[in-house]
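Listed below are the residues making up each chain.
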Amino acid sequence: MTTAYELSHLDTLEAEAVHVFREVAATFERPVLLFSGGKDSVVMLHVAAKAFWPAPVPFPVLHIDTGHNFDEVIEFRDAHTEDVRLLVARVQDDIDAGRVADDGGSRNRLQTATLLRAIGEHRFDAVFGGARRDEEKARAKERVFSFRDEHGQWDPRRQRPELWSLYNGQHRKGEHIRVFPLSNWTELDIWQYIQAEEIRLPGIYYAHKRQVFQRDGMLIAHTRFVTPGPGEEPYEATVRFRTVGDATCTGCVESTASTAAEVVAETAASRVTERGATRADDRISEAGMEDRKKEGYF
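**Q** Now, about the nonpolar core: what can you tell me, with residues and values included?
**A** Within the largest apolar cluster, 57 residues are counted, with the highest numbers of intra-cluster contacts made by F21, L33, V43, F145, W191 and I194. The dominant element in this core, judged by the number of residues it contributes, is helix α2 (residues 39–52), at eight residues. Excluding its chain neighbours within four sequence positions, the residues that come into contact with F145 are V20, E23, V24, F28, E162, Y167, N168, G169, I177, R178 and V179. Counting residues in hydrophobic clusters, the runner-up holds 15 residues, among them V32, V91, I95 and V100.

**Q** Talk me through α2; I want residue IDs and the actual numbers.
**A** Over its 14 residues, α2 runs 20 Å from end to end, which matches the ideal 20 Å to within 8%, given 1.5 Å per residue. Among the residues making up α2, those that are buried are K39, D40, S41, V42, V43, M44, L45, V47, A48, A51 and F52.

**Q** Explain the pattern of salt bridges to me, and be specific about the residues and the numbers.
**A** All told, the structure shown has 18 salt bridges when counted by the stated rule. The partner of D78 in a salt bridge is R77, with the nearest N and O atoms 2.8 Å apart. The salt bridge partner of D102 is R107, with a shortest N-O separation of 3.1 Å. Since its relative accessible area comes to 34%, D102 is described here as partly exposed.

**Q** Could you give an account of the packing of aromatic side chains, naming the residues involved and the relevant values?
**A** Scanning the model with the defined rule gives ten aromatic pairs in all. Taken together, a centroid distance of 5.9 Å and an interplanar angle of 85° make the contact between F52 and F59 edge-to-face. In terms of burial, F52 and F59 fall into one category: buried. Aromatic side chains W185 and Y193 sit 5.1 Å apart centroid to centroid with 80° between the ring planes, which places their arrangement in the edge-to-face category. Using a relative accessible area of 3% as the deciding quantity, one classes Y193 as buried. Put simply, the rings of F21, F52, F59 and F128 touch in pairs and so form one group of aromatic residues.

**Q** Describe in detail a nonpolar patch on the surface, supporting the description with residues and values.
**A** A cluster of nonpolar side chains, L163, W164 and L166, forms an exposed patch at the surface whose accessible area comes to about 430 Å². By the secondary structure assignment, W164 is in the loop between β5 (145–148) and β6 (176–179).

**Q** Which residues make up unusual backbone geometry, and what are the values?
**A** With an omega of 10°, the peptide bond between W53 and P54 qualifies as cis. By the secondary structure assignment, P54 is in the loop between α2 and β2 (61–65). Positive phi is not limited to glycine here, since D216 has a value of about 55°. Examined against the element boundaries, D216 turns out to sit in the loop between β7 (208–215) and β8 (218–221). Relative accessible area serves as the criterion here: at 68%, D216 is assigned to the exposed category.

Rules and cut-offs
- Residues numbered from 1 in each chain as written.
- Predicted model: local features only at pLDDT ≥ 70, side-chain atom pairs only at ≥ 80, totals over all residues.
- Heavy atoms only, no water.
- Core = buried A, V, L, I, M, F, W, Y, C linked by side-chain atoms within 4.5 Å.
- Buried < 20%, exposed > 50% of the residue type's maximum accessible area, 1.4 Å probe, protein only.
- Helix = DSSP H or I, 4+ residues; strand = E, 2+ residues; numbered from the N terminus.
- Contact = heavy atoms within 4.5 Å.
- Expected span 1.5 Å × (residues − 1).
- Salt bridge = Lys/Arg side-chain N within 4 Å of Asp/Glu carboxyl O.
- Phe/Tyr/Trp six-rings, centres within 6.5 Å; stacked < 30°, edge-to-face > 60°.
- Patch = residues over 30% accessible without salt bridge, like charges linked within 9 Å, V, L, I, M, F, W, Y side chains within 5 Å.
- Areas by Shrake-Rupley, 256 points an atom, 1.4 Å probe, with all protein chains shown as cover.

If you want it as structure tokens, here you go:
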């Protein structure tokens, strides 16, 4: 009598991501993994380590530093990348060089120029990103292998078919491919995987007390990068972050979830994506993310 062997849902997602990592390592000359210290990039690096174990991860990780990051995330980034080669490209360098202009607001959009500069300087031909299709409408249009032209731009009409998980990484000199190993994961999948694998995250992903204020229907953390305006009274609340980005445009949610299991339960009950609930930069227009992606954004 034979016993049927089936992978669990999480094991299937992990196996798919491992396949993508190995496919890129075998196909491209100079891949790099984007790493912000956020939950998706942490999971992505964790899967990459499993894909090549016992050998080290065979490519560097790159952080695009806006200069407006949460302190806890930068501390975690430095502690969590000791076993890999960490590259940091700073938005401030592009501001100082006059390549982009700082208007005193969010630097989130300014990251595009810094990312494209880093890709060009290091001649990266494949760039791993942690974007997932469930996050936002424009990201739902992405393939696993997403072609970028010589200007780093994305054209949703030039998507390549990926039947039977066959990926087309062909590109000319100066072009590159964005690769999304977690495309088919959801926020709930990410948290269930974090719980199952006991993956460490920055503490701001779990419930903690913080000074916050209300702005445009979101809870914004009071930091040195963003302060309350007229009529925005700060107060202390128990909150956590569902996503981590530029401190000037990333909101938090009231929560008492202090463990991965509690976050899993909370996420399962949520009916709003993390970006829709806590990212002000996605509210600029209905096509805000798609417009930025066409310019070369993550």
